[in-house]
Structures are given as C-alpha cells and as structure tokens.
Amino acid sequence: MRISGRGKIVVWEGASLWVLAAARDDAGTDLHAHHAVQITISLDGGFVIGTPHRSMNGPVTAVAADALHIFEATGTVAFLFVEPESPAGRAIATRWFANSSLAEIDLEPLAPAIAILRDLLAAEGTTAAFIEIGRKILAEVAAGLSSKLPDRRVRAMIDFVQANLEGRLTLDAAAASVNLSQSRARHLFAADTGLPFKTFVLWQRLGRAVELYAEGHSLTEAAHEAGFADSAHLSRTFRKTFGIPASMLEVS
C-alpha cells in the first residue's frame, strides 16, 4: 500500500500505530507474513484480509504473528502492529488466536477510541495523542491489559534511546544515563516494557525509519538517521517485521 495524502505513524514500547490513506491504484499486498501481530481497523472505506483458509472484511480484524495473509483496502485504515513476545502480544494471542490465525474483533468496545482516532487524524493531532489512543486500543484488544506508563527510570531510558537512534545504542549507555547498573536496568526495562532492550531499540529504529521515509526521505537517509547500517539492512529488517517492502510506504 502506498500512502496517499494524510497519515500518521507512531511507535512505543513493543507496538506501533499506522494510520494511512490507501492510494486507489495500489491498495493491496501479495501473500506475506511478518513477525508482528496485526490489528487492522477501518476508519472509512473498507478492507479485506485473507489467509489461505479464510477471509474477513473487518471493520476490526486481527492477524496472528507469522501468519500468511493478503490485504486489500479502500479509504483510510489504521494498523496496530504488536511485538508478539510482549505482554500485549501474548494476551492477544491467548484471547483471539486459540482456534485461528485470523479473528474478527468486536467493534463496540473500541468504538469510542476509534472515533477519537478519526478526530485526531482530521485535526492532525500530536504524536503523544496518537500514542495515547493507540495504547487504549491495544489495552482493550488485549483484554484489559494495563496501559500504565513504565517506571520513570525506564521512561528516561526510552527517551535516551529515542534521542540517540542515529548512533550505536547499548544497554550499558542507557543504564548509565539513569544511574543504574546494567543488570538492574536490564531487569527493570524488561519488567516494565515486556521486551529486552535490544528488541525495543529495533522497534524504535523501525518506527523512526518509517516516519522519515513516509515524510519523503530516501531509504538511505531514513536508514542512516534511524541507526541502520544502510538501506539494505533497513529493507531486510522491515520486510521481516512487517512482511512488505519498505518502498510500499512511498508517498504518492
């Protein structure tokens, strides 16, 4: 899918929210799989998601991590990608994927949050506002999983990561930035985010690269500014995580 006009992509620990308007001439994907749980929400228009065994047309549909699927859309669609090993990812798998890798999610409990999401898009809301509503939607889909913010030291480590994505990031440096030992920082970070530090950094790098590329930067520029070795490294990681080439996010 190529972005047409307005759109927003935000990332937080173990998840990312993409709100994209599909270009009419390129609104589908080939059969693919990615190592992230995908929650798809129709904001206007519609979509169809199909696996080799079944298909669904929303308005809110979940696809399990590593499940082969295709996607076609019209109008504006929100994607919530979730790291499958995170607490939210595990809760979603338990709740929705016991019998199938494709599940229709009840719209009614999500309706107020989806309405806010539509309003945020129309008003060009802030990144913080999009992250807040993304957290709320994720908490609901994950059966009321707590959406409380991490410990203040973990939040400071997250800020350190986001401010230093262009360079080499290590747990030792992040721990030192909040006056914690490496072992204490590792435990606290994983306990509060549900992710190893290295996995979290990868999600942040991908999120930064996606945002930059969607804004019109070249793949090479996006890769370097997000801390990838080169555009090939970014492309490989992007396809592994999201199942599509990064070039499909080209602004049209």
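Residues numbered from 1 in each chain as written. Predicted model: local features only at pLDDT ≥ 70, side-chain atom pairs only at ≥ 80, totals over all residues. Heavy atoms only, no water.

Asker: Would you take a moment to explain the layout of surface pockets for this structure?
Answerer: Once rolled over the atoms, a probe with the size of a water molecule shows which space is left empty. Here the second largest pocket is characterised by a volume of approximately 280 Å³. At the level of secondary structure, the elements contributing two or more residues to the lining of the second largest pocket comprise helix H7 (197-214) and helix H9 (231-242). It is H7 that provides the largest number of residues to the lining of the second largest pocket, a total of 6 residues. Of the residues belonging to the lining of the second largest pocket, the class tally is 5 nonpolar, 4 polar and 2 charged. (1 Å grid on protein atoms, 1.4 Å probe; cavity = no way out; pocket = protein on both sides within 12 Å on 5 of 7 lines; lining within 4 Å. Points joined across faces, edges and corners; volume = space filled by probe spheres on them. Helix = DSSP H or I, 4+ residues; strand = E, 2+ residues; numbered from the N terminus. Nonpolar A, V, L, I, M, F, W, Y, C, P; charged D, E, K, R; others polar.)

Asker: For this particular structure, what's the right way to read the nonpolar core?
Answerer: Nonpolar side chains in soluble globular proteins generally cluster together in the buried interior. In terms of nonpolar packing, the biggest core is built from 64 residues, with Leu17, Trp18, Ile39, Ile92 and Leu117 touching the most fellow members. With near-sequence residues (within four places) excluded, Leu17 lies in contact with Lys8, Ile9, Val10, Trp12, Ala78, Phe79, Leu80, Leu117, Phe130, Ile133 and Gly134. Grouped together as the second largest cluster of nonpolar side chains are 18 residues, Met157, Ala175, Phe197 and Phe200 included. (Core = buried A, V, L, I, M, F, W, Y, C linked by side-chain atoms within 4.5 Å. Buried < 20%, exposed > 50% of the residue type's maximum accessible area, 1.4 Å probe, protein only. Contact = heavy atoms within 4.5 Å.)

Asker: So what exactly am I meant to see when it comes to the side chain of Gln204 here?
Answerer: Positionally, Gln204 belongs in helix H7. Apart from residues no more than four positions distant in its own chain, Gln204 is found in contact with Val11, Trp12, Glu13, Val161, Gln162 and Leu165.

Asker: Where do I start with the side chain of Ser42 in this structure?
Answerer: Note on placement: Ser42 falls in strand S3 (residues 37-42). Residue Ser42 is classed as buried on the basis of its relative accessible area of 11%. Looking at Ser42, its side chain comes within polar contact range of the main-chain oxygen of Gly45, at 3.2 Å. Ser42 has contacts with Phe47, Pro59, Thr76 and Arg118, leaving out every residue within four places of it along the chain. (Polar contact = N/O pair within 3.5 Å; in protein donor to acceptor, adjacent residues only side chain to side chain.)

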